[in-house]
Amino acid sequence: MAEPPIIQVEDLRKHYGPVRAVDGINFAIDRGATCALLGGNGAGKTTTIAMLLGLLLPTSGQIRILGEAVPRHRQRVLPRMNFSSPYVDLPQRLTVAENLTVYARLYGVRRVRERLATLGRDLDIEAFFQRPYGSLSAGQKTRVALAKALLNQPEILLLDEPTASLDPDTADRMRRILIDYQRRSGATLLLASHNMSEVERLCDQIIMLRAGRIVATGAPRELIHRYGRKDMEEVFLDIARGIQSGEVLE
Amino acid sequence: MNGISPHRIGALALRYLYLLRSSRVRIIELAYWPTVQMILWGFITRYLASHSDVLNQATGLLLSGVLLWDILFRSQLGLSVVFFEELHARNLAQLFISPLQPIELIVALMSISLVRTVLGVGIAVLLAMPFYGFNLFDLGAPLAGFFLNLLLMGWAIGLLVSALVLRYGMGAESIAWAAIFALAPLCGIYYPVAILPGWLQPLAWALPASYVFEGMRAVLLDHAVRLDYLLYALLLNAGYLGLGIGVFLATVHQARERGSLLQSGE
């Protein structure tokens with residue numbers, strides 16, 4: 001018997017008065033998949049991720065994660081998930097080690113020191129363990145935020161623009177770390193990104209959003225073929241500008 | 001709802017202790033205001049004791065009042081200011097996507113408030129001994145009841161203020177300072193509630209702190225322990241703390257509906 005999707009979303013809506021941030025979306029993500037949530041600014045990506053995390057209550061619709069209804073049973077699934085975003089900070093005055101220790105304990109990580117040492121090596125952040133988080137560069141902060149997101153070895157890792165504001169070298173290292181983690185752990189990755197080459201490289205499934213609705217889904221190659229474009233960048237522009245598959249991009 | 005986890009509460013309390021440890025200025029500041037108040041009121045007491053029968057009879061009246069008041073003030077501030085730190089640090093979203101439950105956040109805030117209150121007021125209490133030969137512990141066993149009641153009332157106000165700031169943003173932060181001072185004239189810190197105009201007295205008797213300060217005067221002036229006052233205060237505190245927790249949890253729920261946990265900050 002086929003395993004049920006690890007994330008299942010049915011007719012999910014989030015309305016703020018007349019504004020329909022998310023407007024009746026349906027999708028399913030299988031265990032071990034790497035899925036991208038794409039769309040222009042205000043398409044509903046962050047709203048969707050926030051609802052999956054239980055940070056935002058849906059207006060209506062169903063979310064099932066790891067077989068549990070969210071947000072009702074979010075406490076059962078949150079220890080098995082994690083999230084990283086350059087737009088959600090960690091306390092600035094605490095050192096990197098203090099921040100990671102606090103979150104490791106919040107997630108019930110056993111052998112905290114060992115876990116921190118492993119992450120410090122893997123993400124090359126050991127050198128600034130004793131520095132205040134607020135004193136780090138954007139790239140260093142992103143690595144620390146990813147370390148926080150990997151503390152509990154999550155089965156589901158949600159990432160909001162994981163390589164935003166990083167130089168190409170650091171961004172490439174981040175992607176390698178994510179690929180490596182995904183391969184080693186079999187975790188499911190869901191990321192919102194504006195970096196199409198990153199999406200092509202990392203993802204095997206894409207969900208395209210526009211004005212709170214899903215306008216296209218499929219594998220990157222499938223979408224490129226369907227829209228008759230040479231890469232995901234062009235597909236993204238088509239969809240962001242409301243051009244249907246097969247139409248000519250001006 | 002899942003069970004409350006002492007480990008998660010401990011983890012968050014550890015975060016607040018790290019924060020406290022990260023700045024010596026903060027630790028000094030904790031004790032600074034209670035100590036300054038104690039010194040000021042100590043001199044006032046010395047001066048007035050020679051002119052007032054009441055103060056002559058119980059020289060510790062004003063100093064006890066000011067130190068007990070600081071327990072209430074510091075416990076409220078110790079809770080709400082630490083919560084504001086989470087807003088300033090834009091850390092609420094991180095906390096609420098972790099397995100931490102809002103009730104565990106409340107308990108962690110209460111724990112650090114207790115630590116900050118004991119540190120801040122404790123130093124002033126200890127310094128009052130060599131400065132004025134005044135020992136707050138001379139209040140005896142009732143002091144434990146006074147401390148508990150003032151702590152609980154401070155937490156209740158702290159939670160209500162934190163809920164307001166979560167709902168209306170950091171612009172409402174000044175309420176944290178103003179709220180408790182609005183109640184100060186009603187609590188009878190330095191004078192009996194009977195001094196207040198008749199129409200204000202029912203309001204005063206609706207505050208747990210009024211029973212504490214009346215109880216304090218009963219110990220110092222009449223050498224009597226008013227257990228009834230302590231009990232009334234405890235009952236009122238149960239109600240106010242329940243209200244504070246309820247409003248805070250409802251505000252967090254509302255923030256989840258409005259999506260403000262993601263944007264919460266300055």
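Analysis parameters
- Residues numbered from 1 in each chain as written.
- Chains lettered and ligands numbered in written order.
- Predicted model: local features only at pLDDT ≥ 70, side-chain atom pairs only at ≥ 80, totals over all residues.
- Helix = DSSP H or I, 4+ residues; strand = E, 2+ residues; numbered from the N terminus.
- Buried ≥ 20, exposed ≤ 12 C-beta atoms within 10 Å, placed from the backbone.
- Contact = placed C-beta atoms within 7 Å.
- Rg over C-alpha atoms; globule rule 2.2 N^0.38 Å.
- Pairing = 2+ DSSP bridges.
- Axes fitted to C-alpha atoms, helices over the stretch in contact; angles between N-to-C directions.
- Nonpolar A, V, L, I, M, F, W, Y, C, P; charged D, E, K, R; others polar.

Peer 1: Looking at this structure, I do not really get the overall build of chain B. What am I missing?
Peer 2: Scanning chain B from N- to C-terminus turns up 12 helices and 0 strands. Walking chain B from its N terminus toward its C terminus, one meets helices and strands in the order α-α-α-α-α-α-α-α-α-α-α-α. By its C-alpha atoms, chain B is 60 × 40 × 35 Å across when sized along the principal axes. Sorting the 266 residues of chain B into buried and exposed places 48% on the buried side. Contacts spanning at least 24 positions in sequence make up 77% of the contacts within chain B whose residues lie at least 6 apart.

Peer 1: Where do I start with the overall build of chain A in this structure?
Peer 2: Across its full length, chain A holds 9 helices and 10 strands. Whereas a compact globule of 250 residues would reach a radius of gyration of roughly 18 Å, chain A reaches 18 Å, a difference of no more than 12%. With respect to the principal axes defined by its C-alpha atoms, chain A has extents near 55 × 40 × 40 Å. By residue count, 45% of the 250 residues in chain A fall in the buried class. In chain A, once contacts between residues fewer than 6 apart in sequence are set aside, the share between residues at least 24 apart is 65%.

Peer 1: So what exactly am I meant to see when it comes to the sheet that holds strand E7 (residues 156-160) of chain A here?
Peer 2: Think of a sheet as strands paired side by side through backbone hydrogen bonds, with each pair either parallel or antiparallel. Residues and elements named next belong to chain A. Pairing is mixed in the open sheet, where 6 strands are placed in the order E6-E7-E8-E3-E9-E10. Each edge of the sheet is formed by a strand with only one pairing partner; in this case those strands are strand E6 (81-84) and strand E10 (213-218). Averaged over all neighbouring strand pairs, the angle between strand axes comes to 15°, with direction disregarded. Both E6 and E7 contribute to a ladder of 4 bridges, which runs parallel. In the sheet register, Asn82 faces E7, and the bridge partner there is Leu157. Strands in contact with helix H8 (residues 220-227) are strand E9 (205-210) and E10; relative to E10, the strand with the most contacts, it is inclined by about 105°. Across the sheet, helix H9 (residues 232-240) lies against strand E3 (34-38), E9 and E10, angled at about 30° from E9, the strand it touches most.

Peer 1: Is there a simple way to think about the interface of chain B and chain A in this case?
Peer 2: Interfaces are often described in size by the accessible area the parts lose on coming together. Counting from both sides, the interface comprises 27 residues of chain B and, opposite them, 23 residues of chain A. By residue number, the principal contributor to the side of chain B that touches chain A is helix H1 (residues 6-21) of chain B, which donates 9 residues. Partitioned by chemical class, the residues of the side of chain B that touches chain A number 13 nonpolar, 9 polar and 5 charged.

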